Number of protein chains: 2
Amino acid sequence: MKLVEPRTLSGFMELEPSSQLLFEKYKNIIESTYQKYSFTPLDTPVIEYANVLLAKAGGETEKQIYRLKKGDNDLALRFDLTVPLAKYVAKNYNELVFPFKRYQIGKVYRGERAQRGRFREFYQCDIDVIGDETLPLIYDAQIPVIIGEILNKMEIGKYVIRLNNRKILNGFFSNLNLTDFQTEILRIIDKIDKIGAVEVENEIKELTKYSKEIMSFISITGSNDEILRQLEELKIEDEIFVEGLNELKEVVNYLKLMKFNDYKIDLTIARGLDYYTGTVYETTLINNPEIGSVASGGRYENLAGYYTNKKLPGVGISIGLTRLFYNLLDAGVIKDYKKPIVDYLIIPMDGVDEFTFNIYNQYLNENKKVEICMLDKNFKQKMKYANRLNVPYVIIIGENEKNNNEYVLKNMYDGSQKIIKL
Amino acid sequence: MKLVEPRTLSGFMELEPSSQLLFEKYKNIIESTYQKYSFTPLDTPVIEYANVLLAKAGGETEKQIYRLKKGDNDLALRFDLTVPLAKYVAKNYNELVFPFKRYQIGKVYRGERAQRGRFREFYQCDIDVIGDETLPLIYDAQIPVIIGEILNKMEIGKYVIRLNNRKILNGFFSNLNLTDFQTEILRIIDKIDKIGAVEVENEIKELTKYSKEIMSFISITGSNDEILRQLEELKIEDEIFVEGLNELKEVVNYLKLMKFNDYKIDLTIARGLDYYTGTVYETTLINNPEIGSVASGGRYENLAGYYTNKKLPGVGISIGLTRLFYNLLDAGVIKDYKKPIVDYLIIPMDGVDEFTFNIYNQYLNENKKVEICMLDKNFKQKMKYANRLNVPYVIIIGENEKNNNEYVLKNMYDGSQKIIKL
C-alpha cells in the first residue's frame, strides 16, 4: 500500500506533549481568572453563514477568510471572536441580562501569508462586557486588573498595561481643526514604537503645520497623576477632549480603588482601528518589548450595529495565546518547560498484583502523576525506558520488598534511593 | 442600513450562559480526570490536507466531510480525533515515548442530515494509549476505570460499562466456519438493543443453520466470573477464540486489582466497525438506556497504517460530549442547572469608594462570584435587576453602614437580611 505523508498545514501550531502541557496551563490560568471575575463562557460555532460573519468585514479580512460550500450554504470560518459575540448578543438580546460579561477562548482562522510567527489557526482569549444603551466605566478599569492578574500568574516577567482614551486624541485633533487628518495622524502615531519619534514627526509635518503641538502632546510624560494634570493644564475646551479626559480620570480613580498599579497612561496608544471609541489598552512585557502587545482592546460604542438597532456599547480585551506562546518560546522567556509527563514510574519485578496497585492507588489519590511500567522487557531496559520518559522517581517492587511490606523509591536525577515502608 | 439576520447554522450547538457553564463543568471533569491518569493533551488543527485526512475514509464519512479550497490547497475539516492522532503519531514517531497516552478534547465536523439530536459540529473527548509494536493489556482495564470515575463525578445516574472482546466473537464464528458471514452477523447482533432478540435470530437464520448456537452464545448471562466460566466450558479450541478469552480474563483480573466493579461482560457488544480487533466497550446509563452508549471504544491493531509501516496498536475510548449533553437535557437528567452566574451583588447606595472595594475584594479573594452593581438607576430598579440576575445575595452599603463599618447582607430567596460587621 502506498503511504500518505502525514503532513500538518503550515501556519497551524501543533505542539509536542510537554509544550502542549504548558500551553494548557496558560490557557487554564486565563480561563479560571476570567471565571473568577464572573465572566460566563460562550462557545459559538467555528463555522457560520458567510453573510452573517462578513456583515461588517471587508478589505484585508475578507481576503483572508476561509470560505466553504456545503449543500447550498455559503459558509465561512470565524476570523475573530467579536463578530460571533455580536451575532450571539443580537440573536439572544431578550434572554440576556446586561451588562453581559462573557469570555470565549477558541480558535479563529485567517489565511494570512505564511510567515515566521504568523498563524492561520490561532487561539484568541477574549473578555467583553456588553451594556444595553449604556455601560458604566468601572468595567474599563476591571479589564486591566484581570489581565494583570493573568500575567502575574503566568510568570513571564514584568509587564505594563498602556492606557489611553481615544476621545482625548480625537478632541485634541478636532481642537486643531485636524479632524480630517486624524485617522492618518493616528496611524502614523501608532507606528512610533517601530519607526521612532523623529520619523513620526517628519511624516506628520507632511500633513499639517501643527507637528510640534502634536509631538509635544503625545510626549507628555510623568506619573499617571502628572499626565492627567498636564492634560488638564492644556485647558482644551473641545467637548470630546473634556469627555475623554473625564473618562480617563474616572478609570484611573477606579484603578486606584482596585489597588492596581501596573498600568501607565500612554498618549501614543491609538489602536488604529476605527472600532474603538473610548478607553484603549495595549500590554507590553517590559523585558521583551519586541513581542509587541500581548493583550489589546478597548471600548467601542456599538457591538452589533449590523445585526440589530439596539445600541450595545462594550469594552473588551483579547490575548492572542498562540502567537504569545510562540513568541515566549522564541524569545527564550519560557525555559525549562520540558517537564516530565509522569513523576513516578512503578516497576514491578514480577508482574502486577494487589501490592502494586495499593501503591499505585496511594500515589494516584495524592494527585501524583504515576504509571505502572508494563513493558515486556528486562529490568535494565525498563530503567532505560524510565530515563527516556525523563521520570524523576522510579518505584521498584520485588519479592523482598513485598515480603517486607515496603518498596524502593529511586531518585533518577541523583541516583539515590530509599526504602519506604507501607 | 439593512440589518443582517443574526442566524446560527442548524446542527451547531450554541448554549445560553447557564447551560454553557454546566457544559464547561462536565468538560473540566473529563479533562482533569484524563490528566490525573497521565494522559497528555494534544491539540491538532481543525483543518488538515484533505488527502491526509481522507487517507482511510470512504463511503459515508467522505460524503459528510466539510471540504474547502484555500489557494491551491485542497483542505478538509477533521471528522474525528483518531485520524489526526494517527497523523500526529506517524509524523512524530521518533520523538514520542511509547506507550503514548494522549487525550484530546475538541470539535469535529460532519455534514450529516439535519435531525433532532444530531450535530454537525460536536465535541469529542478522546483518550488513547498507543504502543510501539505491542501494548500491554493493563491499559484496556484502565480505560473503563477512568470513564467510571468521570461518570461518577458528573452525577448523571448509575451506569454500566459493557465489555467484550472481538476475538471471542471472531473465534466463535470461525469455529462454526462462519467467517465469511461474520461481519454480517455482527452487524445484526449489534442491532439487538433496537430490534430485539427474536428479530436478530430471524435475520441470522437467513444466513446460517447455526442461529441457535449463535443465539445461545450471545445469551450467556450471569456474573462476570460466571460468564467467563461458561465461555471456558464451551471448550472451543479455535486459536483466536482462546486468545480473546485469555485477553478478557486478563482485563477482568486487572479490573479486580483496580477494585472497579461497574462493568459487565456483554457478548452482544460488537462495535460494528472493522477497526476494533480486541477489547470493545460501550457505556449505558442504567436509568436512561434510550440515550444509547455514552462512551464507546476499544482496541485496534494498528493506528496509522496509512501513514507509516510501524505497527502501532492502541486502545481508546471517546465521549461524545455535545450529543450526551443534549440527550441529558432532553431526558430530564439535567435539572435545576440554571445556576446564578453571580452569587453576591453589591449595591453601593452612593457610588463606589474604598469601603465598597474592600468588601468586593474580600468576597473575590474567598473565590466567591461577586459583582458591583453600577447601573445608573434607583434602588428599586437595582433590586429588580438583582432579581433578573437571579442572584442569591445582595450586599447593601449606605451611609449608615459605612459609618458603622458594616453592611447589609440580604437573602434574595427568602427576603431575610442581616448586618455583617467588617
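Heads up: the structure comes first, above all this text.
In short, a report on the structure. Bear in mind that the values here come from a model prediction, so they are computed numbers and not experimental data.

**Considering the sheet that holds strand E15 (residues 406–411) of chain A**
Residues and elements named next belong to chain A.
Link 1 in the chain: Strand order across the open sheet formed by five strands is E13-E12-E14-E15-E16, with mixed pairing between neighbours. Edge positions in the sheet fall to strand E13 (370–372) and strand E16 (417–421), since each of these pairs with one other strand and no more. Taking each pair of neighbouring strands and ignoring which way they run, the sheet shows an average axis angle of 25°.
Link 2 in the chain: In terms of strand pairing, strand E12 (residues 344–348) meets strand E14 (residues 393–397) through five bridges, oriented parallel. Directly across from Leu 345, in E14, lies its bridge partner Val 394.
Link 3 in the chain: Sitting on the sheet, helix H14 (residues 354–365) touches E12, E13, E14 and E15, and the angle it makes with E13 is about 160°.
Link 4 in the chain: Together, E12, E14 and E15 form the strand contacts of helix H15 (residues 379–389), whose direction differs from that of E12 by roughly 170°.

**Focus on the relation of the copies chain A and chain B**
Link 1 in the chain: Under the fitted operation, chain A is carried onto chain B by 0.0 Å of movement along the axis and a turn of 180°, and the coordinates agree to an RMSD of 0.1 Å. Expressed as a symmetry operation, the mapping of one chain copy onto the other fits a two-fold axis. Nearest to the rotation axis, the C-alpha of A:Leu68 is located 2.6 Å from it, this being the minimum over chain A.
Link 2 in the chain: Interface overlap between copies: 100% of the residues of chain A at the interface are likewise at the interface in chain B, consistent with a symmetric, same-surface contact.

**Topic: the packing of helix H6 (residues 166–175) of chain A against helix H7 (residues 182–189) of chain A**
Residues and elements named next belong to chain A.
Link 1 in the chain: Their axes nearest at 11 Å, the elements H6 and H7 cross at an angle of 125°. One element, H6, and the other, H7, form an angle in the oblique class. Crossing handedness for the pair H6 and H7: right-handed. On H7, the residues that touch Arg 166, Leu 169, Asn 170 and Phe 173 of H6 are Gln 182, Ile 185, Leu 186 and Ile 189.
Link 2 in the chain: Looking at the contact of H6 with H7 residue by residue, the class counts come to five nonpolar, two polar and one charged.

**Things to note about the packing of H7(A) against helix H9 (residues 197–205) of chain A**
Residues and elements named next belong to chain A.
Link 1 in the chain: The N-to-C vectors of H7 and H9 enclose an angle of 165°; their axes lie 9 Å apart at closest approach. In terms of orientation, H7 lies roughly antiparallel with respect to H9. The two elements H7 and H9 cross, and the hand of that crossing is right-handed. Facing Ile 185, Ile 188 and Ile 189 of H7, the residues of H9 in contact are Val 200, Glu 203 and Ile 204.
Link 2 in the chain: Broken down by class, the residue content of the contact of H7 with H9 amounts to five nonpolar, no polar and one charged.

**Observations concerning the interface of chain A and chain B**
Link 1 in the chain: Tallying the contact residues gives 95 residues for chain A and 95 residues for chain B.
Link 2 in the chain: Interface of chain A and chain B: buried area, both sides summed, is about 8300 Å²; carbon and sulfur atoms make up 60% of it.
Link 3 in the chain: Counting every contact that joins chain A to chain B gives eight salt bridges.
Link 4 in the chain: In this structure, A:Lys107 engages B:Asp43 in a salt bridge whose closest nitrogen and oxygen atoms are separated by 2.8 Å.
Link 5 in the chain: Linking chain A with chain B are 30 residue pairs in polar contact (both at pLDDT 80 or more), by the criterion used here.
Link 6 in the chain: Broken down by element, the residue count for the side of chain A that touches chain B peaks at seven residues, all from helix H1 (residues 17–36) of chain A.
Link 7 in the chain: Split by residue class, the side of chain A that touches chain B holds 53 nonpolar, 17 polar and 25 charged.

**Focus on the environment of A:Tyr88**
Link 1 in the chain: Considering the arrangement of structural elements, one finds A:Tyr88 in helix H4 (residues 82–91).
Link 2 in the chain: Sequence separation between A:Tyr88 and A:Asp74 is 14 residues, and the spatial gap between their C-alpha atoms is 19 Å.
Link 3 in the chain: Ignoring any residue separated from it by four or fewer positions in sequence, one finds A:Tyr88 in contact with A:Leu42, A:Leu96, A:Phe100, B:Glu14, B:Leu15, B:Glu16 and B:Pro17.
Link 4 in the chain: Reaching out from A:Tyr88, the side chain makes a polar contact with the backbone oxygen of B:Leu15 at a distance of 2.9 Å.

**Some details on the packing of aromatic side chains**
Link 1 in the chain: Across all of its chains, the model carries 34 aromatic pairs over all chains by this definition.
Link 2 in the chain: Seen in terms of ring centroids, B:Tyr88 and B:Phe100 are 6.2 Å apart; in terms of plane orientation they differ by 25°. Their pairing is stacked. Highlighted residues: B:Tyr88 in helix H4 (residues 82–91) and B:Phe100 in strand E5 (residues 100–109), separated in sequence by twelve residues. Taken as a pair, B:Tyr88 and B:Phe100 share a single burial class, namely buried.
Link 3 in the chain: A network of ring pairs unites the aromatic residues A:Phe23, A:Tyr26, A:Tyr123 and A:Phe325 as a single cluster.
Link 4 in the chain: Between A:Lys70 and the ring centre of B:Tyr66, over which it is positioned, the NZ or CZ distance is 5.2 Å.
Link 5 in the chain: Sitting over the face of the ring of A:Tyr49, B:Arg7 holds its NZ or CZ atom 3.8 Å from the ring centroid.

**Concerning the environment of B:Thr134**
Link 1 in the chain: Mapped onto the fold, B:Thr134 is located in the loop between strand E6 (121–130) and helix H5 (138–154).
Link 2 in the chain: Linking B:Thr134 and B:Lys311, residues 177 residues apart in sequence, is a C-alpha distance of 8.1 Å.

Parameters at a glance
Residues numbered from 1 in each chain as written. Chains lettered and ligands numbered in written order. Predicted model: local features only at pLDDT ≥ 70, side-chain atom pairs only at ≥ 80, totals over all residues. Heavy atoms only, no water. Pairing = 2+ DSSP bridges. Helix = DSSP H or I, 4+ residues; strand = E, 2+ residues; numbered from the N terminus. Axes fitted to C-alpha atoms, helices over the stretch in contact; angles between N-to-C directions. Contact = heavy atoms within 4.5 Å. Least-squares fit on C-alpha atoms with pLDDT ≥ 70 in both. Parallel < 35°, antiparallel > 145°, perpendicular 65-115°, else oblique. Left-handed = near helix turned anticlockwise from the far one by under 90°. Nonpolar A, V, L, I, M, F, W, Y, C, P; charged D, E, K, R; others polar. Buried area = accessible area lost by both parts, 1.4 Å probe. Salt bridge = Lys/Arg side-chain N within 4 Å of Asp/Glu carboxyl O. Polar contact = N/O pair within 3.5 Å; in protein donor to acceptor, adjacent residues only side chain to side chain. Phe/Tyr/Trp six-rings, centres within 6.5 Å; stacked < 30°, edge-to-face > 60°. Buried < 20%, exposed > 50% of the residue type's maximum accessible area, 1.4 Å probe, protein only. Lys NZ or Arg CZ within 6 Å of the ring centre and 35° of its normal.

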